[in-house]
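Descriptive analysis of the structure
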Amino acid sequence: MKLVRPQAIILAASAFTLIQQPPLPAQDQTESLHWYRGNTHTHSLWSDGNDFPEMITAWYKDQGYDFMALSDHNVLAEGERWMSLDAVAKRQRALGRGAMQKYLERWGDEWVETRKTEAGAEEVRLKTLAEYRGKLEKPGEFLILQAEEISNSAGGKPIHINAINLETVIPAIKSDDAGDLRQVMGDVVTEVRKQEQQTGRPILAHLNHPNFQWAITAEDLAHVAEMRFFEVYNGHPGVNHLGDAERPGDERIWDIANTIRIAELDRAPLLGVATDDSHTYHGGDVSPGRGWVMVQAPALEPNALVEAMQAGNFYASSGVSLQSIDWDAKSRTLSLAIVPEEGATYSTAFIGTRSGYDATRPEGENGIGEVFAELEGTEVRFTLPEDALYLRATITSSARHGNPSFPEQKKQAWTQPVGWRAE
Ligand SMILES: [Zn+2]
Ligand SMILES: [Zn+2]
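Quick caveat, the model's predicted, so the values are computed rather than measured.

What to know about the packing of helix α2 (residues 53–62) against helix α4 (residues 99–111)
One can describe the packing of α2 onto α4 by two numbers: an axis separation of 10 Å at closest approach and a directional angle of 70 degrees. It follows that α2 is roughly perpendicular to α4 by the angle criterion. Every pair of crossing elements has a handedness; the one defined by α2 and α4 is left-handed. Between α2, through E54, M55 and A58, and α4, the contact on the second element is made entirely by K102, Y103, R106 and W107.

Here it is in structure tokens:
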């Protein structure tokens, strides 16, 4: 998605929430940057997803995504891999028409490769990324990033870490001891960093769905220095996104972890991504199109995208789009311009933690992740309180999510923490 600038229209059409504010700063410095929409967490038949990689990738392309990454468990789409048609059919059992039939319809006999084994079983060969990318990628328009969901564990607790833009598979680390959880998290990121140095290409590592099987706490995320990214939203309905009566949801985990990192450990905060983690493509429950990142980068190229994310130039979304995010370090003011959707209204929560926070308070005034202000409108700005450790924003639309992963889900966007270091 190219950066469009209907700014004059937006300014004219929207009402400023606060009166007497100066106009938003000029955006000359971002003139050569574009916003790119992408999903970094997707499964295919290469692991436990129920469709062919080129079918899934084509879906994202058709939906107007700029980039996507198939991130199968502990495997890259490479080498020779045959699957029995029975196995393909089994993975998409809820379906009236077979995945195979749809595959043949879209890609044709020439492309689809089948064989019969000596025992008489019919098999289909999964295409490698090297084979199918040329059929879908288009320079400047659509890009596929190579990725893996490194599916580690400690004492049976899942520690799933996505590595985006890697070159060779990174083996999962499995420990029998739950006490090794933080060690495993750190070691996997160290392996990612090693490959980054060896290959010279930047690789993004993000910790997935911390609340899946309630495996990873905010404290774990805080104490693993190597980890810099995590999923603040994952579209899989089984990942306990909202937490429960005793345990915090993903968004609150972010504030707890970042408060500990900044206040106690003198460490940079975690940055948040939103992803699909889609597995089912034939009407199932774990479907695509729920969460994504918007990356502001100079070009639609793998290294440029990963470097932009590593620099924090992106936001997470489940449906709300932002025209601009401006952090003025001098005045410590965060200004957001939201791309309005017809009929929708927007509420932006400016959230952070004060230096004298009371850790015993679950939330609210002077607690962790205090909502400093909640502003309505499509142009909002807020100045960081002097005693705040950081500031971030969650924008919530009045419009319902078109494909919700939890009841009553509204479209949202999450911006990255700012104001956490002396600038
Ligand atoms: Zn996972
Ligand atoms: Zn996954």
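That was the structure; now back to the text.
Section: the domain arrangement of the protein
For the protein, the domain assignment lists domain 1 (7–81 + 126–414) and domain 2 (82–125). Domain 1 and domain 2 are separated by 34 Å when their C-alpha centres are compared. With 12 residues of domain 1 in contact, the opposing surface of domain 2 contributes 13 residues. Its residues assigned to classes, the side of domain 1 that touches domain 2 comprises five nonpolar, four polar and three charged.

Looking at the pairing of strand β12 (residues 292–297)
Remember that side chains alternate between the two faces of the sheet whenever the strand is regular. Judged by how many residues are buried, β12 sits mostly within the fold: six of six residues are covered. Residue alternation in β12 divides its side chains into two sets, W292, M294 and Q296 and V293, V295 and A297, and both sets are buried. When strand β1 (residues 34–39) meets β12, the two strands line up antiparallel, connected through five bridges. Pairing of R37 across the sheet is with M294, part of β12. For β12 and strand β13 (residues 314–317), the ladder comprises four bridges, and the chain directions are antiparallel. Its bridge partner lying in β13, W292 is registered against S317.

Observations regarding the sheet that holds strand β5 (residues 122–125)
Pairing within the open sheet is antiparallel, and its three strands lie in the order β3-β5-β4. Every interior strand has two partners, whereas the edge strands, β3 (82–84) and β4 (114–116), have only one. Pairwise comparison of adjacent strand axes, ignoring direction, gives a mean angle of 35 degrees for this sheet. Both β3 and β5 contribute to a ladder of three bridges, which runs antiparallel. Among the inter-strand pairings, M83 is bridged to a residue of β5, identified as V124.

What to know about unusual backbone geometry
Glycine aside, a negative phi is what most residues show, and trans is what most peptide bonds show. In this model, H209 sits at a positive phi of 25 degrees, which is unusual for a non-glycine residue. Within the secondary structure, H209 is located in the loop between β9 (204–207) and α7 (218–223). The phi angle at W214 is positive, at roughly 50 degrees, despite the residue not being glycine. Considering the arrangement of structural elements, one finds W214 in the loop between β9 and α7.

What counts and what doesn't
- Residues numbered from 1 in each chain as written.
- Chains lettered and ligands numbered in written order.
- Predicted model: local features only at pLDDT ≥ 70, side-chain atom pairs only at ≥ 80, totals over all residues.
- Axes fitted to C-alpha atoms, helices over the stretch in contact; angles between N-to-C directions.
- Helix = DSSP H or I, 4+ residues; strand = E, 2+ residues; numbered from the N terminus.
- Parallel < 35°, antiparallel > 145°, perpendicular 65-115°, else oblique.
- Left-handed = near helix turned anticlockwise from the far one by under 90°.
- Contact = placed C-beta atoms within 7 Å.
- Domains from an automatic or database assignment.
- Nonpolar A, V, L, I, M, F, W, Y, C, P; charged D, E, K, R; others polar.
- Buried ≥ 20, exposed ≤ 12 C-beta atoms within 10 Å, placed from the backbone.
- Pairing = 2+ DSSP bridges.

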